[in-house]
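What follows is each chain in one-letter form.
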Amino acid sequence: MNKILCSTGAVTGKVNEYDYRLLEPLSKQLTCDGFELMMDSFWYKDIEALKIFLTKMNFYIPVVHCEKVIGEIISKGNENEQVEAYNMFDMDCNVANCIGAKKLVLHLWGGIASDSNFQNNIRAYPYLNELAEKYRLELLIENVVCNTENPMKHLWELKEKFPYVKFVFDTKMAAFHEQLELLYEKKYEWLWKEGHICHYHINDYGGGYMDWSNLRTLPIGAGKVDFSRFFDFIKKINYKGDFTVEATAFDSKGVIAVDMLNEQFRYIRENLR
């Protein structure tokens, strides 16, 4: 049965000092099935406290999203900085293993460097995947936005070089590059027929083609994504995996839009029937 998760990044941010303790009251208000833990470097200085809290609370967290800066550092290619990136990745793996997560989401490239040095990202993947496997985690590479090429091209390159690679597919990221429609084409059916897509991030997008000024994570209905077609496709291919809602749900004062998030979960469940 499909599980609907809420990204902790939707409810924690700079405005509330990335306070993961908010998950305790929110877990009683949100109607999601669990969480996808979005790691943040803010937590690294006291990561043991994070693990103790999450273990004590016993939340259902089957997916952990690695700190996004890891991919950015890898993209730059500086060897000394890459050691730091690998250390952060190892800490993220450790947290995921400690709390019983099974999947690990990674932005393999990112930041201003993005995919301009994609060979750096390709070279890093086998090591990262091997490390994740040591922690009994399935590593999922996300179709992150690019400023040189495009996500689908890179997913294809990864699949050709590493036939075992697994992905998380983000609707906003795809829409940014006008590539969501490619998911439905025969040319790309290998993504789901061969089991490469193991998770979906469900977010709306309101901008145009590579419109950086509108690269915001919107709730379903606040943008231009055709979710009716998307969920018709999901049902057609009999996808049995999970989904994560990432829509930013806190305002400038830190007030969390619980009702908005619950409406997202309701909409997804309704459209999976």
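Please refer to the structure placed before this passage.
Residues numbered from 1 in each chain as written. Predicted model: local features only at pLDDT ≥ 70, side-chain atom pairs only at ≥ 80, totals over all residues. Heavy atoms only, no water.

A.B. asks: Can you help me understand the overall build of the protein chain in this one?
C.D. replies: Counting its regular elements, the protein chain contains 10 helices and 8 strands. Relative to the compact-globule value of 19 Å for 273 residues, the protein chain shows a C-alpha radius of gyration of 18 Å, a close match. Relative to its full complement of 273 residues, the protein chain shows a buried share of 56%. Put simply, of all contacts in the protein chain between residues at least 6 apart along the chain, 78% involve residues at least 24 apart. Taken as a whole, the protein chain presents about 12,400 Å² of accessible surface, with 48% of it coming from carbon and sulfur. Looking at charge distribution, the protein chain has the averaged site of its 32 positive side-chain charges lying 4 Å from that of its 39 negative ones. (Helix = DSSP H or I, 4+ residues; strand = E, 2+ residues; numbered from the N terminus. Rg over C-alpha atoms; globule rule 2.2 N^0.38 Å. Buried < 20%, exposed > 50% of the residue type's maximum accessible area, 1.4 Å probe, protein only. Contact = heavy atoms within 4.5 Å. Areas by Shrake-Rupley, 256 points an atom, 1.4 Å probe, with all protein chains shown as cover. Lys, Arg positive; Asp, Glu negative; His and termini not counted. Charge placed at Lys NZ, Arg CZ, Asp CG, Glu CD.)

A.B. asks: Would you mind going over the pairing of strand 7 (residues 197-202) with me for this structure?
C.D. replies: In summary, the side chains of a regular strand alternate between the two faces of the sheet. Burial analysis of strand 7 places 6 of its 6 residues in the buried class, which makes it a mostly covered element. The pairing of strand 6 (residues 166-170) with strand 7 spans 4 bridges and is parallel. From the neighbouring strand, valine 168 faces strand 7, where its bridge partner is histidine 199. Bridge analysis of strand 7 against strand 8 (residues 242-245) gives 4 bridges, and the strand direction is parallel. (Pairing = 2+ DSSP bridges.)

A.B. asks: Help me understand the packing of helix 3 (residues 69-76) against helix 5 (residues 118-134) in this model?
C.D. replies: Helix-helix packing is characterised by the crossing angle of the two axes and by the distance between the axes. Where helix 3 contacts helix 5, the axes come no closer than 8 Å and their chain directions differ by 125 degrees. One finds that helix 3 runs oblique with respect to helix 5. With respect to the hand of their crossing, helix 3 and helix 5 are arranged in right-handed fashion. Here Gly71, Ile74, Ser75 and Lys76 of helix 3 lie close against helix 5, whose contacting residues are Asn120, Asn121, Ala124 and Leu128. (Axes fitted to C-alpha atoms, helices over the stretch in contact; angles between N-to-C directions. Parallel < 35°, antiparallel > 145°, perpendicular 65-115°, else oblique. Left-handed = near helix turned anticlockwise from the far one by under 90°.)

Read these as spatial facts, not as claims about activity.
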